[in-house]
Amino acid sequence: MKVAIASPPIPTSISEGLFWLEKLVKDAAAQQAEIICFPESYIPGYPGMGFEEDQREPAKLQAALDSVCKIAAENSIAIIVPMDWHHPDGLLNIAHVVSATGEVLGYQTKNQLDPSEDNIWIPGTERNVFEVNGVKFGIVICHEGFRYPETVRWAARRDAKIVFHPHFGGSNTSGVQLTEWGNKDNPYYEKAMMMRALENTIYFGSSNYASTYPDSGSAIIGPDGRCIIHETYGKSGVIVADIDPDLATGLLAKRLKNELYK
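Residues numbered from 1 in each chain as written. Predicted model: local features only at pLDDT ≥ 70, side-chain atom pairs only at ≥ 80, totals over all residues. Heavy atoms only, no water.

## Description of the packing of aromatic side chains
Let me state the cut-off plainly: Classification of ring pairs uses Phe, Tyr and Trp, with its six-membered ring standing for Trp, and accepts pairs whose centres are within 6.5 Å; under 30 degrees between planes counts as stacked, over 60 as edge-to-face, and the remaining range as tilted. The secondary structure listing takes helices from DSSP runs of H or I that are at least 4 residues long and strands from runs of E that are at least 2 residues long, numbered from the N terminus. Exposure is judged per residue with a 1.4 Å probe applied to protein chains only, and the accessible area is read against the type maximum: over 50% gives exposed, under 20% gives buried, and values in between give partly exposed.
A complete count under the given rule lists 11 aromatic pairs for this structure. With centroids separated by 5.4 Å and ring planes inclined at 80 degrees, the aromatic side chains of Phe 168 and Tyr 209 adopt a geometry described as edge-to-face. Here Phe 168, found in the loop between strand S8 (162-166) and strand S9 (170-171), pairs with Tyr 209, found in the loop between strand S10 (203-207) and strand S11 (213-214); they are 41 residues apart in sequence, far enough to count as distant. Take Phe 168 and Tyr 209: they sit in the same class, and that class is buried. Ring pairing ties together the aromatic residues Phe 38, Tyr 42, Tyr 46, Trp 121, Phe 168 and Tyr 209, which thus form one cluster.

Encoded structure:
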């Protein structure tokens, strides 16, 4: 199965986000990718990064999702599109899964919020496993995949072959200019990506924005913990890799003795 990870610029409006989504989807589809994942809170954009508050109106978010469904169908590719989404109790941080025929298969909520996000979103309460073209996968969002490894293991123990990890880390205004993916002096995030794959014996696909000072680079990690491919820091584009579901055995995840921790 060919999977794609997108690294778009940080959008400041829904229209800008959809422009880059369509462009990168077309690039991925041209490389025969079957699914593509975008970064956290991609539509309307991560809070505080420049979009106007009216971009979060429910009708505008629904219209944006409808546009994503159309783009997926036109390009015959499944899309994981993280969005803000309204709920009776507040605003959720979610990732919609759209099939290659434009059908919304469901969504994954961000259940473990970073402490800085407690006043932005409400936490979700459920985890899901999805399936596209016979391959099962899970989704964990940013902070969850970096600091709550249980979220990835939950999916791996339910036969997910890959876990997608939309996240946001970095800035367009200040920070350190990283030069080598996985360097020992980089922030720990890329090491965490490698561990989520290795400790569960599955693939891990992590998507970050192409900011000026990113804390991590988008990457696809193999079940042995090695980085198969990564994006160039600050570069807008897609990376595509073949994954072999048979290699994603989930062996280490399934050997967990749950009864010892009750």
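## Describing the sheet that holds strand S1 (residues 2-7)
Worth spelling out the cut-off: Two strands qualify as a pair provided that DSSP identifies no fewer than 2 bridges between them. Here an angle of 0 to 180 degrees is reported between the N-to-C directions of two axes, which are lines fitted to C-alpha atoms, with helices fitted over the stretch in contact. Contacts between residues were defined by any pair of non-hydrogen atoms, one from each residue, lying within 4.5 Å.
Reading across from one edge, S5-S4-S3-S2-S1-S14 is the order of the 6 strands in this open sheet, with mixed pairing throughout. The sheet is open, and its two borders are formed by strand S5 (104-109) and strand S14 (237-242), each paired with just one other strand. Across the sheet, the mean angle from the axis of one strand to that of its neighbour is 30 degrees, orientation sign disregarded. With 5 bridges connecting them, strand S4 (residues 90-98) and S5 associate as antiparallel partners. Paired with His 96 across the strands is Tyr 107, a residue of S5. Here helix H1 (residues 14-30) sits on the sheet in contact with S1, strand S2 (35-37), strand S3 (78-87) and S14, set at roughly 30 degrees to S14. Its contacts with the sheet put helix H2 (residues 58-75) on S3, S4 and S5, and the angle it makes with S3 is roughly 170 degrees.

## Here's the deal with the pattern of salt bridges
Selection rule: Criterion for a salt bridge: a side-chain nitrogen of Lys or Arg within 4 Å of a carboxyl oxygen of Asp or Glu.
For the structure on display, the rule yields 11 salt bridges. Residues Glu 40 and Lys 110 are paired through a salt bridge, measuring 2.7 Å at the closest nitrogen-oxygen approach. Of the two residues, Glu 40 sits in the loop between S2 and H2 while Lys 110 sits in the loop between S5 and strand S6 (129-132), which places them 70 residues apart along the sequence. Considered together, Glu 40 and Lys 110 belong to a single accessibility category, that of buried residues. Between Asp 159 and Lys 254 there is a salt bridge; the shortest N-O distance is 2.6 Å. Highlighted residues: Asp 159 in the loop between helix H4 (149-156) and S8 and Lys 254 in helix H6 (residues 251-254), separated in sequence by 95 residues.

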